[in-house]
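Geometric and topological summary
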Amino acid sequence: PLKRERSSDLMIPRSPQRRRLPLVLLLLAHVALCGAAKSDRVLHKTLLTEGIVTLPNLYTAAELKFLNAAMDPTFRSLAKEPRSYVRPDTMLDLGIFDRVLTRRVKDVIFSICAAPVLYQFWFYEIAANSNHSHVFEEREGGWHRDNDSAFTPHNPSHISITIYLTDVGKADGVFEFVPVRPDTHTLSPASPVVSMLGPTGTSFVWHRSFFHRAAPNTGPTRRRVLKISFQNNKFKSSNLEPYFQRLAEAFPPGDVEMDLLLGRYHGITPPRAPAAKMPKYTHVAATRVMNETSDRIVKVWRKKRPLKA
């Protein structure tokens, strides 16, 4: 907290300059300490307490149609895979990378984290006609916290953006989330659950350290999503070398935002990226309670420890 000036210092200055100077310094210090704009600080608080918010669609219907059409041949060739990907290398080959990492998407990333580094950046499909979650199926129906994330009470450090590229109903592998701060809540049958149902284009942001899962995709259509995960620059991204090497070659140093996203400032003080404007977001209400849990999943939660920088 900032030390306040005594009222006498401000009310009876010796000169106009002396009166203005403490106020200016106080304002500058406040901005420097708080960093984000007021709306972004509210978003940070929401991501730390509820863990998830919905966004206006980050892509237009025409943009989504273009992206799906560009990727359809690749995904068709991988249709037998239970989980198939279009990663940054393929996006570059298809000529769609700039259509994916748009100004709107960058604004969301940089309004949440001033110095973000990419961790995941890919489209993927999960198999249809399945009776189990596509990840961590052995852990109580897929419920888990990401082992490669951390929860810190004052900073939403490990965040994902998800955009649906197919319609997602109850039977289509819907993303589900427990909107309760993970360091104050033990998973139980009464835990509230958010089911992120929505048409193609549905967009939302969530904290990776909260409990979540993909429900079984029992429907006839492979569910396709775009997932963009990023984390604070102080956490090293283990995915940069295997999945982002060609991307780094395509974007030589010099663009502050791309330099940050590609981890070029890890281990050193990063520069401040240009100010970003966060689109209006919406709180998400829980739609049901879990009705299922076990001692095992509670123990998994209790063993979770924050990552070291």
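Residues numbered from 1 in each chain as written. Predicted model: local features only at pLDDT ≥ 70, side-chain atom pairs only at ≥ 80, totals over all residues. Heavy atoms only, no water.

This next bit is on the environment of Lys-277. The topology assignment puts Lys-277 in the loop between helix H9 (256-261) and strand S10 (282-283). Spatially, the C-alpha atoms of Lys-277 and Arg-104 are 8.7 Å apart, while their sequence positions differ by 173 residues. (Helix = DSSP H or I, 4+ residues; strand = E, 2+ residues; numbered from the N terminus.)

Our next topic: the pattern of salt bridges. Considering all chains together, one arrives at 14 salt bridges under this definition. Arg-224 is paired through a salt bridge with Asp-72; the nearest N and O atoms lie 3.0 Å apart. One end of the pair, Arg-224, is in strand S9 (residues 223-232); the other, Asp-72, is in helix H4 (residues 61-77), with 152 residues separating them in the sequence. Asp-72 sits in the partly exposed class, given a relative accessible area of 26%. In this structure, Glu-257 and Lys-106 form a salt bridge, with 4.0 Å as the shortest nitrogen-oxygen distance. Of this pair, Glu-257 sits in helix H9 while Lys-106 sits in helix H7 (residues 103-112); the two residues are 151 residues apart in sequence, bridging distant segments of the chain. (Salt bridge = Lys/Arg side-chain N within 4 Å of Asp/Glu carboxyl O. Buried < 20%, exposed > 50% of the residue type's maximum accessible area, 1.4 Å probe, protein only.)

Read across the sheet, four strands follow the order S8-S5-S6-S11 without closing on themselves; strand pairing throughout is antiparallel. In the strand order of this sheet, the two ends are held by strand S8 (212-214) and strand S11 (288-289), each with one partner. The pairing of strand S5 (residues 175-177) with S8 spans three bridges and is antiparallel. The partner of Phe-175 across the bridge, within S8, is Ala-214. (Pairing = 2+ DSSP bridges.)

With respect to the helices, strands and loops of the structure, Thr-60 is situated in the loop between strand S1 (52-55) and H4. Along the chain, Thr-60 and Gly-201 lie 141 residues apart, while their C-alpha atoms are 7.6 Å from each other.

The next point concerns the packing of aromatic side chains. Between two aromatic rings, the relevant description is the distance of the centres plus the angle of the planes. Under the counting rule described, the total for this entry stands at twelve aromatic pairs. On the basis of an interplanar angle of 40° and a centroid distance of 6.0 Å, the ring pair of Tyr-85 and Tyr-124 is categorised as tilted. Residue Tyr-85 is found in strand S2 (residues 83-86), and its partner Tyr-124 is found in strand S3 (residues 116-126); the two are separated by 39 residues along the sequence. Taking relative accessible area as the criterion, Tyr-85 reaches 23% and is therefore assigned partly exposed. Arranged with centres 5.6 Å apart and planes meeting at 50°, the rings of Phe-97 and Phe-121 form a pair that is tilted. With Phe-97 in helix H6 (residues 97-100) and Phe-121 in strand S3, this pair connects stretches of sequence that are 24 residues apart. (Phe/Tyr/Trp six-rings, centres within 6.5 Å; stacked < 30°, edge-to-face > 60°.)

Along the chain, the position of Arg-145 falls in the loop between S3 and strand S4 (158-164). Buried within the structure, Arg-145 lacks any salt-bridge partner; its nearest side chain of opposite charge belongs to Asp-183, at an N-O separation of 7.7 Å. At a separation of 2.5 Å, a polar atom in the side chain of Arg-145 contacts the main-chain carbonyl oxygen of Ser-209. (Lys, Arg positive; Asp, Glu negative; His and termini not counted. Polar contact = N/O pair within 3.5 Å; in protein donor to acceptor, adjacent residues only side chain to side chain.)

So, on to the sheet that holds S2. Read from one edge of the open sheet, seven strands run S2-S3-S9-S4-S7-S1-S10, paired in antiparallel fashion. Looking along the sheet, the strands with just one partner apiece sit at the ends: S2 and S10. One ladder, built from four bridges, connects S2 with S3; its direction is antiparallel. Paired with Tyr-85 across the bridge in S3 is Tyr-124.

Further remarks concern helix H8 (residues 240-250). All buried positions along H8 are accounted for by Leu-240, Phe-244 and Leu-247. All buried residues of H8 lie within an arc of 80° about the axis, which places them on one face of the element. Turned more than 90 degrees from where H8 packs its buried face, Glu-241, Pro-242, Gln-245 and Glu-249 sit exposed. Buried residues along H8 sit in contact with helix H5 (88-94), H6, S3 and H9. (Arc of directions from axis to C-beta. Contact = heavy atoms within 4.5 Å.)

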